[in-house]
Each structure stands twice: as C-alpha cells, then as structure tokens.
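Observations on chain architecture
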Amino acid sequence: MLYAVVVCYTQNPCDIPFSTLVSNFNNIFFKPAFVLGWTINEFPAFANTRTLSTSKTNSIMSTITAYFIPAKKFPLGQFTEKVKDTLEKLNLIDGYYDEEDNTYAHGRAIIFEYATIHDTDKNKLVPEASSTGYGAICIQCNAEVDEELYDVINNYYDYEGESGKEKDMAGLTLTCNNCNKSMKLQDVKFTLPVMLTKHFFQFVDIDDEISEDVLKKIEQNLDTELRVIYERM
Ligand SMILES: [Zn+2]
C-alpha cells in the first residue's frame, strides 16, 4: 500500500485548497490511502527550519549570468532609465519579466531568462554567486578566504531576503580562519574578476558570452565603457 504525505510548503495559511491536492493525486499519480496537509508552521519537524534560501548559491541549475558594470559614475536613479532605454532600443529587453520584481524579459536580439538593473546607493558584490570561487585573499596572511566569504554572502542574502532591505556590502566583515584577522569586504583582495559596485545590470541565464558587437552598441548608447563579469553556476 502506498501512502502519500503532502506538506504544503507555503506560508501560513496553506494557499492550495486541500480538495485540489487530493484530486490532483487521484488524477495523476495513484489513489492515495491518506493525504495529509499541514502548513509549514504547524508541522513540528519544520517549525524551526527556514524555507528555501534566497541565495542563488543553492541553485542546482547550470547557468551563465553576465554582469555589466559601467566605468562612468551615474547619478543615483538615472542609471535605470538610461539602461532601460538602451536595452529596449537595441531589442535586448522587451517589457517586464516580472513587474513586481522589476525584472525584464529578453528581446529579439539575445535569449536569456531575465534582466535586472541595480541602481542604488548600496554596493553589491558582483558576481552575486559563484561555483568557481572568488579568489578572495586575506589582507594579512594571504590565505584564501573564499569559504569565509561564502558564509558572509549567504548570511547577507538571507538578511536581504528576510528583511527586504539592502545593506552596503562593502562594509560587511569577514574573519580569516587562518590568522583571525577581521577585514571589510572592500579591503579584500581578489584574484578573480570581482567588483563592488552600486550600478550594474545583468542578463541571467544566457547561452553564450556577449559578442563584442553587442557590447559596443550598448556602450555607445550608454556613453560609457562596460566591464563584463561572468558568473558560472
Ligand atoms: Zn589571514
């Protein structure tokens, strides 16, 4: 006999009607003997665990994300409009992917999952995640501190996901496991392409690196050179 245990993995209250769950199981899988439903907070074993991490480092998909960082400094708030106009004009974006999240759908020129634009007074560490490492080096003993950095980044994105607020990542501190030196992210040395920046835009999940031709057109329209950093997950 098969038993199905269904845990409604959403916030309280469960937003999938119980009858829907039961009928789906009846139709698609098998005839259940019992179907039990809980919300996450009611189920004791999960009461103190968190739901899925907001960090992209937990993703199991293999993806390339391209980050574009302008050489020129833009006044706060003007970067978004300028980038939006440019990407629309070049058929790189076409409307929203998700209006609430401020993500943009790809246009006809290049295929990607979605695009975002970061334009605040808070520095972000780019790339936001990495499965190939950051090449972070302790300022005192020169030991590699990638592991310590991952912890800091994951904690930061947990904070951001839960609070909905952004902090300047330049001021986050990590402590070297080798020599115990504490250092700010802005002082850490990196042997791989990494940047702290207030302004950037990104294409998430592209198939290939951006061609020189496309990059030149974006640079011309934005009137700035762009540094491109790839994140491979
Ligand atoms: Zn050290």
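Definitions and limits used
- Residues numbered from 1 in each chain as written.
- Predicted model: local features only at pLDDT ≥ 70, side-chain atom pairs only at ≥ 80, totals over all residues.
- Helix = DSSP H or I, 4+ residues; strand = E, 2+ residues; numbered from the N terminus.
- Buried ≥ 20, exposed ≤ 12 C-beta atoms within 10 Å, placed from the backbone.
- Contact = placed C-beta atoms within 7 Å.
- Pairing = 2+ DSSP bridges.
- Axes fitted to C-alpha atoms, helices over the stretch in contact; angles between N-to-C directions.
- Parallel < 35°, antiparallel > 145°, perpendicular 65-115°, else oblique.
- Left-handed = near helix turned anticlockwise from the far one by under 90°.
- Nonpolar A, V, L, I, M, F, W, Y, C, P; charged D, E, K, R; others polar.
- pLDDT = per-residue confidence, 0-100.
- Expected span 1.5 Å × (residues − 1).
- Arc of directions from axis to C-beta.

On to the overall build of the protein, then. On a plain count of helices and strands, the protein comes out with four helices and 12 strands. The buried share among the 233 residues of the protein stands at 21%. Taking the intrachain contacts of the protein between residues at least 6 apart in sequence as the baseline, contacts between residues at least 24 apart amount to 70%.

This brings us to the pairing of strand S11 (residues 195-206). Bridging between strand S3 (residues 64-70) and S11 involves five bridges; their strand directions are antiparallel. Within S11, the residue paired with Tyr67 across the bridge is Gln202. Relative to S11, strand S6 (residues 114-126) is paired through nine bridges, and the arrangement is antiparallel. For Asp119, the partnering residue across the bridge sits in S11 and is His199.

We now examine the environment of Ile210. Mapped onto the elements of the fold, Ile210 is located in the loop between S11 and helix H4 (212-222). By C-beta crowding, Ile210 is classed as partly exposed, having 17 other C-beta atoms within 10 Å. Note: C-alpha distance between Ile210 and Tyr230 (20 residues apart in sequence) is 9.7 Å. When residues no more than four places from it in sequence are discounted, the contact partners of Ile210 are Ala66, Leu215 and Val228.

Below, the discussion takes up unusual backbone geometry. Cis peptide bonds are those with omega within 30 degrees of zero, and the linkage from Val126 to Pro127 qualifies with 0°. Assignment of secondary structure puts Pro127 in the loop between S6 and strand S7 (136-137). Even without being a glycine, Asn142 presents a positive backbone phi close to 65°. In this model, Asp205 sits at a positive phi of 65°, which is unusual for a non-glycine residue. Relative to the assigned elements, Asp205 resides in strand S11.

Following both chains from N to C, one finds helix H2 (residues 78-89) and H4 inclined at 135°, their axes separated by 10 Å at the closest point. The angle between the axes of H2 and H4 places the two elements in the oblique class. Handedness of the H2/H4 crossing: right-handed. For the pair H2 and H4, contact is made by Lys82, Val83, Thr86 and Lys89 and by Ile218, Asn221 and Leu222, respectively. Split by residue class, the contact of H2 with H4 holds three nonpolar, two polar and two charged.

Let's shift gears to the environment of Thr63. On the secondary structure map, Thr63 appears in the loop between strand S2 (35-36) and S3. The class of Thr63 is partly exposed, set by 17 C-beta atoms lying within 10 Å. A sequence separation of 144 residues divides Thr63 from Asp207, and the C-alpha atoms of the two residues are 8.1 Å apart. The residues touching Thr63, leaving out its near neighbours within four places in the chain, are Val204, Asp205 and Met233.

Looking now at the confidence of the model for the protein. Looking at the protein, pLDDT values average 82 and 74% of them are 70 or higher. Segment residues 1-59: pLDDT under 50, and 56 contacts once partners within four positions in sequence are set aside and those in other chains are kept.

What follows deals with helix H3 (residues 146-163). The first and last C-alpha atoms of H3 sit 25 Å apart over 18 residues, in line with the 26 Å expected at 1.5 Å per residue. Taken residue by residue, H3 has Glu148, Leu149 and Ile153 as its buried positions. Taken down its axis, H3 places every buried residue within 135° of arc, on the same side. For H3, the exposed residues set more than 90 degrees away from the buried face come down to Glu147 and Glu162. Taken together, the buried residues of H3 touch S6, S7 and strand S8 (173-175). Positive phi appears at Gly164, one or two residues downstream of H3, with a value of about 70°.

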